[in-house]
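Residue-level structural notes
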Amino acid sequence: VVTGDIALAGRKQEFAEAAAWFADAPGPIVACPGDDDAPAFALMQRMSSPFRRHRQLGLLTHWTDAHRQAAIASFNSARAAQWRPSWSQGVYSLKHVQAAVDAASKAAPQGWRIIACHHPPVTPSGGPLLARTRRGAAAVRMVRDQRRLIQLAGHVQSFTVNRRGEAVFVTAPSLASRRTRGQGWGFVALMLGAQDATATLWTYDGAAFAPTQRVSLIGPIHGGEAGHIAM
C-alpha cells in the first residue's frame, strides 16, 4: 500500500523511476496520490490534470485477499490548489471516505477493512508534522465505531498508531525521500490474524531494513498513542 508522495515535485523523471521500481514488486500495489505527486513547476497541468502521471502508473485503488479476510480501498485526500496558504494539507470528501469503507466492508464483511489515503484525518500523537485535514474530524466520527477498521496514511513521515473509538489509524515514515523529518527511512508491515493484528516498523540502518518496533492493534492503545515495543 503506497500512501502517496511517490514523487517530490510531480516530475516525469520521478514517475519514470517509480514505474521501474514498481515493475519489480512481487505483489499487487494499492496506491493513492499525495500532494507532492502534482506537478510543482507545470502550473497548467497542475490545474487541469494534477494526478494524471500518478494514474498512468496503473496502480490499484482496491484489493481483497483470496479468502476475503482483508480488503483495502484507497481514496484521494490531495488537492492541486486550495484557498489557503499551504496546498500540501489534505481535504477529505466524506462521500469518498464512505465509499472506501463500503467497498472494503463489502469485499471482506467479516474480515479486516483497510482504507488508505495520503493525509491522516487529524494530527497523530507522536507525529512531527501537523495534519490540518479539512473534514478530517468529521471523517473520524464517521468511522470511529467500525470494528476491525484500519486507516493508513503518510504525509507526517513518521510511524504512529492511534485509536479513535474502535478504529485504528496508522502512519508510516518515508521509504525513500530525502526529507525524512529526522525519522529516517522505513515502512510499516501489517500482520492481520483472525484474533490479533500488529503493525511493525522496519527501518533502514544504512545497509538493510530491519524490524525495530511492533505495536498490537487489538485492545487499548494507551494515551491514544502507540506503545512502541522494541524488538
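Note that the structure is predicted; figures quoted are calculated from it, not measured.

The next point concerns the overall build of the chain. The number of helices and strands found in the chain is five helices and 10 strands. Taking 2.2 N^0.38 as the reference for a compact globule, 231 residues should give roughly 17 Å; the C-alpha atoms of the chain span a radius of gyration of 17 Å, in line with that estimate. Over its C-alpha atoms, taken along the principal directions, the chain stretches across nearly 50 × 45 × 35 Å. When the 231 residues of the chain are sorted by exposure, 46% land in the buried category. Long-range contacts, defined here as pairs at least 24 residues apart, represent 59% of the contacts in the chain between residues at least 6 apart. Across the chain, the mean location of the 25 positive side-chain charges is 8 Å away from that of the 14 negative side-chain charges.

Let's shift gears to the side chain of Thr203. As for its position among the elements, Thr203 is in strand β8 (residues 197-204). At 3.4 Å, the side chain of Thr203 and the side chain of Thr212 are in polar contact.

Let us look at the sheet that holds strand β4 (residues 149-153). The strand order across the open sheet formed by six strands is β1-β2-β3-β4-β6-β5, and the pairing between neighbours is mixed. Either end of the sheet is taken by a strand with one partner, and the two such strands are β1 (62-64) and β5 (160-164). Pairwise comparison of adjacent strand axes, ignoring direction, gives a mean angle of 15° for this sheet.

Let's shift gears to the packing of helix α4 (residues 94-107) against helix α5 (residues 136-143). For the pair α4 and α5, interaxial distance at closest approach is 10 Å and the crossing angle is 30°. As judged from the angle between their axes, α4 and α5 are roughly parallel. The way α4 lies across α5 gives a crossing that is right-handed. Each of Leu94, Val97, Gln98 and Val101 in α4 lies in contact with α5, whose residues at this interface are Ala138, Ala139, Met142 and Val143.

Once that is clear, we can look at the packing of aromatic side chains. All told, the structure shown has six aromatic pairs when counted by the stated rule. A ring pair is formed by Trp21 and Phe22, whose centres lie 5.5 Å apart and whose planes are at 65°; its orientation type is edge-to-face. A residue is classified by how much of its surface remains accessible, and Trp21, at 54% relative accessible area, is exposed. An aromatic cluster is defined as three or more aromatic residues linked by ring pairs; in this entry it consists of Trp185, Phe187, Trp202, Tyr204 and Phe209.

Right, let's talk about helix α1 (residues 12-23) for a bit. With 12 residues, α1 extends 16 Å from end C-alpha to end C-alpha; this agrees with the ideal 16 Å at 1.5 Å per step. For α1, the complete set of buried residues consists of Glu14, Phe15, Ala18 and Phe22. End-on view of α1: buried residues confined to an arc of 90°, all on one side of the axis. Exposed residues pointing more than 90 degrees away from the buried face of α1 are listed as Lys12, Gln13 and Ala23. Looking at the buried residues of α1, the elements they touch are α3 (52-55).

We now examine the pairing of strand β7 (residues 186-192). A regular strand places its side chains on the two faces of the sheet in alternate fashion. In this structure, β7 lies alongside β8, joined through seven bridges in antiparallel fashion. Note that in β8 the partner of Ala189 across the bridge is Thr200. Remark: four residues form the turn of the hairpin made by β7 and β8, two consecutive strands paired antiparallel.

Once that is clear, we can look at the pattern of salt bridges. Opposite charge on two side chains permits pairing when their charged atoms draw close. Per the counting criterion, the structure on display carries one salt bridge. A salt bridge links Glu14 to Arg11, with the shortest nitrogen-to-oxygen separation between them at 3.6 Å. Judged by relative accessible area, Glu14 falls into the buried class, the value being 16%. Arg11 gets classed as partly exposed once you look at its relative accessible area, which sits at 41%.

The rules behind these values
Residues numbered from 1 in each chain as written. Predicted model: local features only at pLDDT ≥ 70, side-chain atom pairs only at ≥ 80, totals over all residues. Heavy atoms only, no water. Helix = DSSP H or I, 4+ residues; strand = E, 2+ residues; numbered from the N terminus. Rg over C-alpha atoms; globule rule 2.2 N^0.38 Å. Buried < 20%, exposed > 50% of the residue type's maximum accessible area, 1.4 Å probe, protein only. Contact = heavy atoms within 4.5 Å. Lys, Arg positive; Asp, Glu negative; His and termini not counted. Charge placed at Lys NZ, Arg CZ, Asp CG, Glu CD. Polar contact = N/O pair within 3.5 Å; in protein donor to acceptor, adjacent residues only side chain to side chain. Pairing = 2+ DSSP bridges. Axes fitted to C-alpha atoms, helices over the stretch in contact; angles between N-to-C directions. Parallel < 35°, antiparallel > 145°, perpendicular 65-115°, else oblique. Left-handed = near helix turned anticlockwise from the far one by under 90°. Phe/Tyr/Trp six-rings, centres within 6.5 Å; stacked < 30°, edge-to-face > 60°. Expected span 1.5 Å × (residues − 1). Arc of directions from axis to C-beta. Salt bridge = Lys/Arg side-chain N within 4 Å of Asp/Glu carboxyl O.

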